[in-house]
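Topology and contacts: notes
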Amino acid sequence: MAAGALVVADGALVTPPAPPARLLSVDALRGLTVAAMVLVNNPGTWSAMYAPLRHAAWHEWTPTDMVFPFFLFVVGVSIALALDPALERGAGGLPLRVLRRAAVIFALGLLLHALPFFALADLRIAGVLQRIAVCYLLAALLVLATGGARGWPAQAVAVVVLLVGYWLLMTRVAAPGHAAGDLSPEGNLSSLPASATTLMGVLAGHWLRAGHGSDRPAARIAGGLAVGGVVAAALGWLWGLSFPVNKALWTSSYALLMAGLAAVALAACHWAIEARGRRGWAAPFAVLGVHALTLFFLSSVVAKLLFIVRVGAGGPRLQSWLFAHLFAPWASAVNASLAYALAYVLLWWALMWALDRSGLRLRV
């Protein structure tokens, strides 16, 4: 139905609410994040990389460790922006839609690991898309169960329960064969607070949408996000003094710190784009953000193929050949490796731009 069309309700002609417009600031941050994902996952050579483009060895964090939680945070923002208006319209079948979408994303993650040989014995259940699917499912179902934006107190309580509960679990309960509080690679449990990261994005999404449904200036919306982000990041950093910031464990301190930094990044994007009207720089990133799942899946498949296909019988892998012939001859090892990664990102930006121009959007 077109926006503004008249329908009959209780014997009277009324205009139904228009579907919410996309927020360029959210698409731009999602695009920046998925571009960073592709960048850090596809160096020219893993043996020569700038330190910020590597994950931390264990405790502490690098800029690369910000990428995945930022994406999950934006997933949460998108959940609120999509489900809040659907709940207000009384749309039906929302739980089934959420379950179907989560199942498709999870299946794509399994497919990505299975390609190209489909060796089921080596299939990994865990993975990036699988975690996105689980976090999306848990957060979206909680939003539906609590009534959308009006249920934000219950959603905030869920964040606290997840973060504190995981902290108690990790520091008070011993894994088999290890002492309680063992945060070594061998003594860790799981990473439940990833869903808390997503839920904190949901809370930010409620704030964004409420602001745009009122007379609140965009600068004030961005300011509220920034203040909340700074507080969360500070609390996460302080918590990290006793419960270390660690991506592999997704410790509660890490979840809180990263969600706070993501909120600050979203506030900056919202202020620049929605408040100041500086939209030109954001458009290229928004193209990536609109097609984020397509970009991540296809770029990962192609990267995998580049490592499998060989140049000639028994020759080098195609990826190694491309790096050695097109990048390594004219730059130092670390700069050539970075140049390869940047070129790979630009290639996929061009493909997503062409896809966007065609009007085709692959949705799940």
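Placed above this text is the structure.
Computed from a predicted model, the values in this text were never measured in an experiment. (Residues numbered from 1 in each chain as written. Predicted model: local features only at pLDDT ≥ 70, side-chain atom pairs only at ≥ 80, totals over all residues. Heavy atoms only, no water.)

**Things to note about the overall build of the chain**
Counting its regular elements, the chain contains twelve helices and two strands. The linear arrangement of helices and strands in the chain, starting from the amino end, is β-β-α-α-α-α-α-α-α-α-α-α-α-α. Within the chain, buried positions represent 43% of all 364 residues. Taking the intrachain contacts of the chain between residues at least 6 apart in sequence as the baseline, contacts between residues at least 24 apart amount to 71%. As displayed, the chain has an accessible area near 17,700 Å², and 68% of this comes from carbon and sulfur atoms. (Helix = DSSP H or I, 4+ residues; strand = E, 2+ residues; numbered from the N terminus. Buried < 20%, exposed > 50% of the residue type's maximum accessible area, 1.4 Å probe, protein only. Contact = heavy atoms within 4.5 Å. Areas by Shrake-Rupley, 256 points an atom, 1.4 Å probe, with all protein chains shown as cover.)

**Description of helix H5 (residues 152-172)**
Over its 21 residues, H5 runs 29 Å from end to end, which matches the ideal 30 Å to within 8%, given 1.5 Å per residue. Listed as buried for H5 are Gln155, Ala158, Val159, Leu163, Tyr166, Met170 and Thr171. (Expected span 1.5 Å × (residues − 1).)

**Focus: a nonpolar patch on the surface**
Taken together, the side chains of Val227, Val231, Leu235, Trp237, Leu238 and Leu241 define a hydrophobic patch exposed on the protein surface, amounting to about 640 Å² of accessible area. Examined against the element boundaries, Leu241 turns out to sit in the loop between helix H7 (218-240) and helix H8 (252-275). Its relative accessible area of 63% is what places Leu241 among the exposed residues. (Patch = residues over 30% accessible without salt bridge, like charges linked within 9 Å, V, L, I, M, F, W, Y side chains within 5 Å. Salt bridge = Lys/Arg side-chain N within 4 Å of Asp/Glu carboxyl O.)

**What to know about the nonpolar core**
Within the largest apolar cluster, 94 residues are counted, with the highest numbers of intra-cluster contacts made by Phe73 and Ile79. The dominant element in this core, judged by the number of residues it contributes, is helix H2 (residues 67-89), at 14 residues. Look past the residues within four positions of Phe73 in its chain and what remains in contact with it is Thr197, Met200, Gly201, Ala204, Ala259, Ala262, Ala263 and Leu266. (Core = buried A, V, L, I, M, F, W, Y, C linked by side-chain atoms within 4.5 Å.)

**Observations regarding unusual backbone geometry**
Within the chain, Glu60 stands out as a residue other than glycine whose phi angle is a positive 75°. With respect to the helices and strands, Glu60 occurs in the loop between helix H1 (24-41) and H2. On the basis of relative accessibility, which here comes to 54%, the residue Glu60 falls in the exposed class. You will see that Trp250, though not glycine, has its phi angle at about 50°, which is positive. Mapping Trp250 onto the fold places it in the loop between H7 and H8. A relative accessible area of 0% means that Trp250 is categorised as buried.

Take it as geometry only, folks, not as evidence of what the structure does.
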